[in-house]
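Working through the structure, step by step
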Amino acid sequence: MIWIGYFICSFICSFILGIVFVWAKNKSEKKYMVRFGGIAMIVSFLICMFFNPELVKTSQTIGLMVISFLILLFGILDDVRDFSWKVQIVFQGLLVVLLVFFEYSVDYLVSPFGQALYFGGLEFTFFQLSFSVISVAIIFFWTLSVINAINWADGIDGLSGGIGLVGALSLFFISLTSQVNQPAIAIVAIIFMGSILGFWWLNFPKAKIEAGTSGSYFIGFFLAATAIIAGTKIATAIIVLAIPLVDLIWVVVQRFMNKAPITKKDFGHLHHKLRYLGWSNAKIVSLYLVFIATMFFVVSAVNSRVEKFAIIGLEIVLIVIFLFSTSLKNRKINHIIK
């Protein structure tokens with residue numbers, strides 16, 4: 001029952017704040033206010049985290065709150081002023097620096113056969129803190145990839161929030177397993193889940209309010225950061241984030257092959273292609289969530305590490321095939337129109 005209390009607390013805060021922002025948006029002529037949904041998520045998350053008596057405030061949980069607050073401030077400014085991609089990348093790099101200073105690290109990765117690859121050596125010291133170069137590089141690549149993957153997935157109503165919900169639910173169950181046994185992470189996950197769901201009801205197609213930069217950055221950052229501290233379950237997070245991550249790589253490769261700037265905005269993402277084929281926003285969101293949830297439960301049902309990695313590999317292959325087929329269908333439609 002105690003878990004339900006954490007969930008209800010963040011859900012009610014997020015939902016009430018979301019309603020307030022919807023009302024303010026309808027009363028205001030300022031278009032950027034429609035993108036203030038992320039404020040409801042982050043504020044409710046921070047309130048329920050800060051006043052939770054059961055949550056031990058470690059360096060990592062404090063870092064999670066501090067960085068979430070900075071994302072809130074930056075997101076509001078970006079939604080109002082629309083910063084360039086260079087400013088956004090610099091800010092994302094700052095988030096990684098803060099993660100490292102709040103003692104986030106990837107000390108090892110485990111192979112499908114159970115062998116641990118440790119990242120010792122190549123260390124440097126700064127302010128009496130030691131950092132592994134490889135660990136920092138992994139955190140940098142991982143965090144920026146997830147943040148931008150979720151940010152790009154926020155192209156249609158309900159998608160980024162839906163992915164965040166499934167990710168939080170997965171993290172909650174994994175944290176309570178005997179192998180991981182991290183009840184503190186479970187508390188954080190269910191608070192996050194409530195804050196997302198309170199917003200998601202207002203964001204599901206047709207949306208009354210959007211996540212905005214603050215919301216999409218917050219979801220991406222949370223999923224990236226908790227994957228690092230939740231028993232270094234980056235592989236598990238990949239199951240949930242497979243579609244947006246593969247889509248990110250696909251779009252970057254396509255832009256590179258077409259000699260277009262990587263930061264150029266276009267309609268080459270999977271959700272854009274599906275909309276062009278006549279899919280509704282609700283149908284696209286449902287496809288993403290059903291597929292992600294199915295793959296997570298399939299992976300959770302097997303015990304062998306080799307089988308888990310094989311299923312993740314199969315998931316990625318299926319996504320690539322689907323991306324390829326939708327791209328071909330889009331080309332055929334464009335050819336017929338021309």
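Above this text you will find the structure in question.
Residues numbered from 1 in each chain as written. Predicted model: local features only at pLDDT ≥ 70, side-chain atom pairs only at ≥ 80, totals over all residues. Heavy atoms only, no water.

Brief notes about the layout of surface pockets
Within this model, the second largest pocket holds a volume of roughly 520 Å³. Surrounding the second largest pocket, 18 residues form its lining, Asp 266, Phe 267, Gly 268, Lys 273 and Asn 330 being those nearest its centre. For the lining of the second largest pocket, the per-class residue count stands at five nonpolar, seven polar and six charged. (1 Å grid on protein atoms, 1.4 Å probe; cavity = no way out; pocket = protein on both sides within 12 Å on 5 of 7 lines; lining within 4 Å. Points joined across faces, edges and corners; volume = space filled by probe spheres on them. Nonpolar A, V, L, I, M, F, W, Y, C, P; charged D, E, K, R; others polar.)

Quick notes on unusual backbone geometry
With an omega of -10°, the peptide bond running from Pro 205 to Lys 206 counts as cis. Within the element layout of this structure, Lys 206 appears in the loop between helix H7 (183-203) and helix H8 (212-229). A positive phi angle is found at Glu 103, which is not glycine, with a value near 70°. (Helix = DSSP H or I, 4+ residues; strand = E, 2+ residues; numbered from the N terminus.)

Some thoughts on the pattern of salt bridges
In the structure shown here, the tally under the stated rule is two salt bridges. When the shortest N-O distance is used, the salt bridge between Glu 210 and Arg 35 registers 3.7 Å. Highlighted residues: Glu 210 in the loop between H7 and H8 and Arg 35 in the loop between helix H1 (2-27) and helix H2 (37-50), separated in sequence by 175 residues. Using a relative accessible area of 30% as the deciding quantity, one classes Glu 210 as partly exposed. Taken together, the salt bridges that share partners define one network made up of Arg 35, Asp 79 and Glu 210. (Salt bridge = Lys/Arg side-chain N within 4 Å of Asp/Glu carboxyl O. Buried < 20%, exposed > 50% of the residue type's maximum accessible area, 1.4 Å probe, protein only.)

With respect to the packing of aromatic side chains
Each pair of aromatic rings is reported with the distance of its centres and the angle of its planes. For the structure on display, the rule yields 17 aromatic pairs. For the pair Phe 11 and Phe 15, a centre-to-centre distance of 5.9 Å together with 15° between the ring planes defines the contact as stacked. Here the residue Phe 11 and the residue Phe 15 both occupy positions in helix H1, the gap between them amounting to four residues, near one helical turn. Its relative accessible area of 22% is what places Phe 11 among the partly exposed residues. Taken together, a centroid distance of 5.8 Å and an interplanar angle of 85° make the contact between Phe 45 and Phe 222 edge-to-face. Within this pair, whereas Phe 45 is found in helix H2, its partner Phe 222 is found in helix H8, the two being separated by 177 residues in sequence. Just as Phe 45 is buried, Phe 222 falls in that class too. One Lys or Arg, Lys 283, reaches over the ring of Trp 279 and ends 4.4 Å from the middle of that ring. (Phe/Tyr/Trp six-rings, centres within 6.5 Å; stacked < 30°, edge-to-face > 60°. Lys NZ or Arg CZ within 6 Å of the ring centre and 35° of its normal.)

Things to note about the environment of Leu 323
Examined against the element boundaries, Leu 323 turns out to sit in helix H12 (residues 305-337). Distance in space between the C-alpha atoms of Leu 323 and Trp 250 is 8.3 Å, their sequence separation being 73 residues. When residues no more than four places from it in sequence are discounted, the contact partners of Leu 323 are Val 246, Asp 247, Trp 250, Leu 270 and Lys 273. (Contact = heavy atoms within 4.5 Å.)

Points about the environment of Ser 130
Mapping Ser 130 onto the fold places it in strand E4 (residues 129-132). For Ser 130, a relative accessible area of 53% gives the class exposed. Between the C-alpha atom of Ser 130 and that of Pro 205, which follows or precedes it by 75 residues, the distance is 47 Å.

Some thoughts on the packing of helix H3 (residues 59-81) against helix H4 (residues 85-101)
Their axes nearest at 11 Å, the elements H3 and H4 cross at an angle of 175°. Relative to H4, the element H3 is oriented roughly antiparallel. Contacts between H3 and H4 involve Ile 67, Leu 70, Ile 71, Phe 74 and Asp 78 on the former and, on the latter, Val 87, Gln 88, Phe 91, Leu 95, Leu 98 and Leu 99. Considering only residue class, the contact of H3 with H4 consists of nine nonpolar, one polar and one charged. (Axes fitted to C-alpha atoms, helices over the stretch in contact; angles between N-to-C directions. Parallel < 35°, antiparallel > 145°, perpendicular 65-115°, else oblique.)

Brief notes about the nonpolar core
Within the largest apolar cluster, 94 residues are counted, with the highest numbers of intra-cluster contacts made by Phe 45, Leu 64, Ile 71, Trp 142, Ile 163, Phe 192 and Leu 241. With 14 residues, H7 is the single largest residue contributor to this core. With sequence-adjacent residues up to four places away left out, Phe 45 is seen in contact with Leu 64, Ser 68, Val 188, Ile 191, Phe 192, Ser 195, Phe 218 and Phe 222. Listed in part, the nine residues of the second largest apolar core include Val 180, Ile 239, Met 295 and Ile 312. (Core = buried A, V, L, I, M, F, W, Y, C linked by side-chain atoms within 4.5 Å.)

Fair warning: the whole summary comes from geometry, so function is off the table for now.
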